[in-house]
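Architecture and fold: a report
Residues per chain, in single letters:
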Amino acid sequence: MIKNWICSLPWTDVGTNMDGKYLICPFGTPSPHYINEMTPHEFYETDYVETVRRDMMNNDFSEAIGQHCKVCINLEKNGWISARRHVDDRPFDGFPQEIVPKEKLKKKLKAIMIYHLGNRCNLSCITCSPRLSTGFGSPLLDPWTEMKFDDKVLDDIKDIRFHGGEPLLSPHVKEQILKRPDTKFSLTTNGTVFPRWLKNHKRDKKAGLNIWISVDGVGPLDDYIRRGSQWKKKIENMHLFFKHCYTDILFTVNMVNYKGINDLKRFMKDEFGYDLTRCNRVTSPAYLDAINLPIWFKKKHTRPDQFQDLKNQHTFKIDQPNEQKFREGVSYCKTMDAKYGINFLNHMPEFEELYNEVDVNEFDVEESIIHEGFGTHSNEGGFEGWLYI
């Protein structure tokens, strides 16, 4: 049983989601408060947030903490590194995050993660959902405009992070970045577009633009997972991002691309001189989680240099899979294949017999994930823990 749970994020960050709701931290459970009801600073000072900070300081694992932090709590219970910013204690040797001393926790809102740009996007990825991307032909969601979000409330926040949808297709992103030259911005992009105005944006670590490009495989594998993407054009754009912006790669491992991890590591090193050292893991929807691949397959495709022995992550290849979830995952991919004219077996021929056996089903993909450059989270509370590769 957890007796003490503390994280520095409620002292420094807030977030918003696709519905325009505030979150105590970028990875938390959505609050009942909306962006058209109060400013980020007003939300930061509410009793709703203050209760969580107070209980954390008092080492009280309260109902409020259990509700707000449930995604990170569940990840850590299962032996994964969560987005929690640890205070005082390093949970294990080699833990990669910065540790904040408790006495240095000061109330000062420094960063906001904005998801209320909406769902404007040009892709329909197999790990996303119609609600979260207009690439599926879904209606446009734009809480920023619909709720008349007043950008003046961002004036004294010096770290702004954008997520969508595809942020570089949103007019709000360009407007905010160009009008705030002294603010640090970051965003996650699918890499399919490189706006010309980025070439003139200053490359400054403290007040510049940090780009996270979502890449889920090399060549046809990335195009399969990120439907609508064109690998050749994406590589051209990635060279431009690396040249003009501080750029990192966001790789999310799922059941389709697990065996391609080392291929992507080698490609990123050879093409860009980039060392890919960590990735995210899809945990929601569970039927796309690579943990459910058969053990023989995981053992065959887990190389000595693929996963570092951090915490319990070295057991990934021998963790017992949920065979029913894997079967559902293959059925889901077969459904996407039939709908969009793509082919799972081009990438996973080992499972042809199962693929031919399962039915085409219409899954509810509303619990699907959405990528986030500082870890990833879903507006519905899904989250993927870090793997180090």
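Structure: see above.
With omega at 15 degrees, the peptide bond leading from Gly-164 into Gly-165 counts as cis. Tracing the backbone shows Gly-165 in the loop between β5 (159–162) and α7 (171–179). The phi torsion at Asn-59 lies on the positive side, around 55 degrees, for a residue other than glycine. Mapped onto the fold, Asn-59 is located in the loop between α3 (47–57) and α4 (63–68). Backbone geometry at Asp-88 places phi at a positive 75 degrees, although glycine is not the residue there. Assignment of secondary structure puts Asp-88 in the loop between α5 (70–77) and β4 (111–114). Take Asp-88: its relative accessible area is 41%, and that puts it in the partly exposed class.

A word on α3. All buried positions along α3 are accounted for by Val-49, Val-52, Arg-53, Asp-55 and Met-56. Down the axis of α3, the buried set is contained in an arc of 165 degrees. They therefore lie on one face. In the core, the buried residues of α3 are packed alongside α1 (9–12), α2 (40–44) and α4. Where α3 ends, the next residue or the one after it, Asn-59, has phi of about 55 degrees, a positive value.

Looking now at the pattern of salt bridges. Any two side chains of opposite charge can pair if their charged atoms end up close together. Following the criterion strictly, the structure yields 19 salt bridges and no others. For Asp-289, the salt bridge goes to Arg-281, with nearest N and O atoms at 2.7 Å. For Asp-289, a relative accessible area of 5% corresponds to the buried category. Overall, the relative accessible area of 8% leaves Arg-281 in the buried class.

Before going further, it helps to examine the pairing of β4. Residue alternation in β4 divides its side chains into two sets, Ala-111 and Met-113 and Ile-112 and Ile-114, and both sets are buried. Note: β4 against β5, four bridges, orientation parallel. When the sheet's bridge partners are listed, Met-113 is paired in β5 with Arg-161.

As a further point, take the side chain of Ser-229. Residue placement: Ser-229 occurs in the loop between α8 (220–225) and α9 (231–244). Given a relative accessible area of 7%, Ser-229 falls into the buried group. Discounting residues that sit within four places of it in the chain, Ser-229 has contacts with Leu-123, Thr-192, Asp-222, Asp-223 and Lys-234.

Take the packing of aromatic side chains next. The description of an aromatic ring pair rests on the distance of the ring centres and on the angle between the ring planes. Applying the stated rule across the entire model yields 15 aromatic pairs. Arranged with centres 5.4 Å apart and planes meeting at 50 degrees, the rings of Trp-231 and Phe-267 form a pair that is tilted. One end of the pair, Trp-231, is in helix α9; the other, Phe-267, is in helix α10 (residues 261–272), with 36 residues separating them in the sequence. On the basis of relative accessibility, which here comes to 18%, the residue Phe-267 falls in the buried class. The ring of Tyr-44 carries Arg-53 above its face, with NZ or CZ at 4.4 Å from the centroid.

Here the focus is the sheet that holds strand β2 (residues 21–23). The strand order across the open sheet formed by eight strands is β3-β2-β1-β4-β5-β6-β7-β8, and the pairing between neighbours is mixed. Only two strands of the sheet have a single neighbouring strand rather than two, namely β3 (30–34) and β8 (246–250). Taking each pair of neighbouring strands and ignoring which way they run, the sheet shows an average axis angle of 20 degrees. Here five bridges tie strand β6 (residues 184–189) to strand β7 (residues 209–214), and the two strands are oriented parallel to one another. Paired with Thr-189 across the two strands is Ile-213, which belongs to β7. Sitting on the sheet, α9 touches β6, β7 and β8, and the angle it makes with β7 is about 155 degrees.

Rules of the game
Residues numbered from 1 in each chain as written. Predicted model: local features only at pLDDT ≥ 70, side-chain atom pairs only at ≥ 80, totals over all residues. Heavy atoms only, no water. Helix = DSSP H or I, 4+ residues; strand = E, 2+ residues; numbered from the N terminus. Buried < 20%, exposed > 50% of the residue type's maximum accessible area, 1.4 Å probe, protein only. Arc of directions from axis to C-beta. Contact = heavy atoms within 4.5 Å. Salt bridge = Lys/Arg side-chain N within 4 Å of Asp/Glu carboxyl O. Pairing = 2+ DSSP bridges. Phe/Tyr/Trp six-rings, centres within 6.5 Å; stacked < 30°, edge-to-face > 60°. Lys NZ or Arg CZ within 6 Å of the ring centre and 35° of its normal. Axes fitted to C-alpha atoms, helices over the stretch in contact; angles between N-to-C directions.

The values reported here are purely geometric and, on their own, carry no functional implication.
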